[in-house]
Amino acid sequence: MKWKEYSILTEGICVEAVSGIFHKMGSGGVVIEDPQAARRYENLEKFNPDSVSPDFMEHDFVVVKAYFPEDKKIQDELEQFLKKVEDNFKVKCKIFIGEVRDEDWEESWKKYYHTFKVGHRLVIKPSWEEYSAQDSEVVIDIDPGMAFGTGIHASTRFCLKFVDEYIKGGETIVDAGCGSGILSIAAAKLGARHILAMDIDEVAVRIAKENVHLNGLDGIIEVAAGDIIEELAGREIDHMLANITAEVVNHLIPEAAKVLPPGGYMFCSGIVDSRWPGVQKQLTDYGFAIDKVLTDVDWVGVAARKL
Ligand SMILES: C[S@@+](CC[C@H](N)C(=O)[O-])C[C@H]1O[C@@H](n2cnc3c(N)ncnc32)[C@H](O)[C@@H]1O
């Protein structure tokens, strides 16, 4: 299949809104090129200067990219959505459309995705690689396809670390916005008893089901399509994982507060640092104590305990 690359040149404040638009239109994921974030990485040991062009580091704008099948007509709808973002934020959003030729994009990214460890016990392994687990390691097989959830993004890593630290075995969990299913699979492999993995995106639901099956966890993880904000009421759960966006997390907190028992955790991620004070206030207002906060460049993840 041939793909088209849609690049939106904008400012940092619009990144979440533009990413949300691409998600809503069915992109399944976005690429964010943010020179400000790259400049903050520049002094870190792990920064590889060859991974970005020198002129990229000088810019102040951000580029948000998404990929759609060549025959999918999205430009008019995209322009309408971006007009609203421009009006709300008083910032310009320019669209550039490129052909993705020569390579099958769906396959080419796999070159850069390899087995890696998160936390003390979890090993994330692309389904096409071989790996022999050492001692207490728990291996998660993942083929994220077009769904969010490779484990590389800081927001997913925060939640994986929380799963590694807090899941002791026997818990009932909701994975809100499951994407590839990576968090549910990690929790199930560490002993959770039942997990409802829900996503609003049908592509993510299909891919999560495939990954659950790949890991032999069909009996423990139930994958369903739906809006978790509407579907949460009345469920009996011990903990909730929510790596979504600050906006959705803020809507979810009042619903989670109704179903989580005292001592139950809401692990929230996908929060850009500028939105963290708002999420923190919402958690406190709805009776949560902040147990642990993880940060990486401009992302925040939090383990919040119901009082
Ligand atoms: C950032 S991805 C996280 C995927 C995966 N859980 C991870 O940690 O990598 C967020 C996911 O939430 C889904 N989502 C957004 N709003 C939602 C809602 N209201 N209910 C259910 N899923 C939602 C998106 O479709 C997307 O797959």
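Per an unreviewed UniProt entry, the recorded name for the protein is Ribosomal protein L11 methyltransferase, and the organism is Syntrophomonas zehnderi OL-4. Checking UniProt for the protein, the heading Catalytic activity (unreviewed entry) contains the comment "L-lysyl-[protein] + 3 S-adenosyl-L-methionine = N(6),N(6),N(6)-trimethyl-L-lysyl-[protein] + 3 S-adenosyl-L-homocysteine + 3 H(+)".

## Side note on the UniProt feature "binding site: S-adenosyl-L-methionine" (unreviewed entry) in the protein
Here, the residues flagged by UniProt with the feature "binding site: S-adenosyl-L-methionine" (unreviewed entry) are Thr156, Gly177, Asp199 and Asn243. If you trace the backbone, Thr156 turns up in helix α6 (residues 154-166). The class for Thr156 is buried, based on a relative accessible area of 1%. Inspection of the secondary structure assignment puts Asp199 in strand β9 (residues 194-199). When its relative accessible area of 11% is taken as the criterion, Asp199 is described as buried. Apart from the residues lying within four places of it in its own chain, the contact partners of Asp199 are Gly177, Cys178, Gly179, Ala204, Val205, Ala224, Ala225 and Gly226.

## Here's the deal with the site of the ligand
For the ligand, the set of nearby residues contains 17 residues, the closest of which are Thr156, Gly177, Asp199, Asp227 and Asn243. Ile200 has a polar backbone atom sitting 3.2 Å from a nitrogen atom of the ligand. Here Asn243 contributes a side-chain N or O atom positioned 2.8 Å from an oxygen atom of the ligand. For the ligand, the accessible surface in isolation is 600 Å², of which the surrounding protein chains cover 91%. Among the residues forming the shell around the ligand, the class breakdown is 8 nonpolar, 6 polar and 3 charged.

## A few points about the packing of aromatic side chains
Inspection of the entire model under this criterion finds 9 aromatic pairs. Taken together, the ring pairs connect Phe162, Tyr166, Tyr265 and Phe267 into an aromatic cluster.

## What to know about the sheet that holds strand β2 (residues 31-33)
Spatially, β2-β3-β1-β4 is the arrangement adopted by the 4 strands of the open sheet, whose pairing is antiparallel. Of all the strands in the sheet, the pair left with one neighbour each is β2 and β4 (94-100). Each strand axis lies, on average, 25° off the axis of its neighbour in the sheet, ignoring direction. Inspection of the sheet shows β2 paired to strand β3 (residues 62-69) by 3 bridges, in the antiparallel sense. Directly across from Ile32, in β3, lies its bridge partner Val64.

## Topic: helix α7 (residues 182-189)
Most of α7 is tucked away: 7 of the 8 residues are buried. Those residues of α7 lying buried are Ile182, Leu183, Ser184, Ile185, Ala186, Ala187 and Ala188. Immediately downstream of α7, the backbone of Gly191 shows phi near 110°, a positive value.

## A word on the environment of Val259
Tracing the chain through its elements places Val259 in helix α10 (residues 246-259). Given a relative accessible area of 13%, Val259 falls into the buried group. Distance from Val259 to Asp238, taken between C-alpha atoms, is 8.6 Å for residues 21 residues apart in sequence. Setting aside residues up to four positions removed in sequence, Val259 forms contacts with Leu232, Ala233, Gly234, Arg235 and Ile237.

## Some points on the pattern of salt bridges
Where charged atoms from two side chains of opposite charge approach closely, those side chains can pair. With the rule as written, the count across this model stands at 13 salt bridges. Residue Lys117 is joined to Glu137 by a salt bridge in which the shortest nitrogen-to-oxygen separation is 3.3 Å. On the criterion of sequence distance, the pair formed by Lys117 in strand β5 (residues 116-118) and Glu137 in the loop between β6 (122-126) and β7 (138-142) is long-range, its members being 20 residues apart. Judged by its relative accessible area of 14%, Glu137 is buried. Linking Asp291 and Arg305 is a salt bridge whose minimum nitrogen-to-oxygen distance equals 3.1 Å. Separated by 14 residues along the polypeptide, Asp291 in strand β13 (residues 288-296) and Arg305 in strand β14 (residues 299-306) bring together distant segments of the chain. One network of salt bridges, with partners in common, ties together Glu5, Glu33 and Lys65.

## Remarks on the side chain of Glu5
By the element assignment, Glu5 lies in strand β1 (residues 3-10). Among the polar contacts listed, one links the side chain of Glu5 to the side chain of Tyr67, at a separation of 2.6 Å. In this view, Glu5 contacts Lys65, Ala66, Tyr67, Phe96, Ile97, Gly98 and Val100; residues no more than four positions away in its chain are not counted.

What counts and how
- Residues numbered from 1 in each chain as written.
- Predicted model: local features only at pLDDT ≥ 70, side-chain atom pairs only at ≥ 80, totals over all residues.
- Heavy atoms only, no water.
- UniProt positions renumbered as here; feature names shortened; annotations may be inferred.
- Helix = DSSP H or I, 4+ residues; strand = E, 2+ residues; numbered from the N terminus.
- Buried < 20%, exposed > 50% of the residue type's maximum accessible area, 1.4 Å probe, protein only.
- Contact = heavy atoms within 4.5 Å.
- Near = heavy atom within 4 Å.
- Polar contact = N/O pair within 3.5 Å; in protein donor to acceptor, adjacent residues only side chain to side chain.
- Areas by Shrake-Rupley, 256 points an atom, 1.4 Å probe, with all protein chains shown as cover.
- Nonpolar A, V, L, I, M, F, W, Y, C, P; charged D, E, K, R; others polar.
- Phe/Tyr/Trp six-rings, centres within 6.5 Å; stacked < 30°, edge-to-face > 60°.
- Pairing = 2+ DSSP bridges.
- Axes fitted to C-alpha atoms, helices over the stretch in contact; angles between N-to-C directions.
- Salt bridge = Lys/Arg side-chain N within 4 Å of Asp/Glu carboxyl O.

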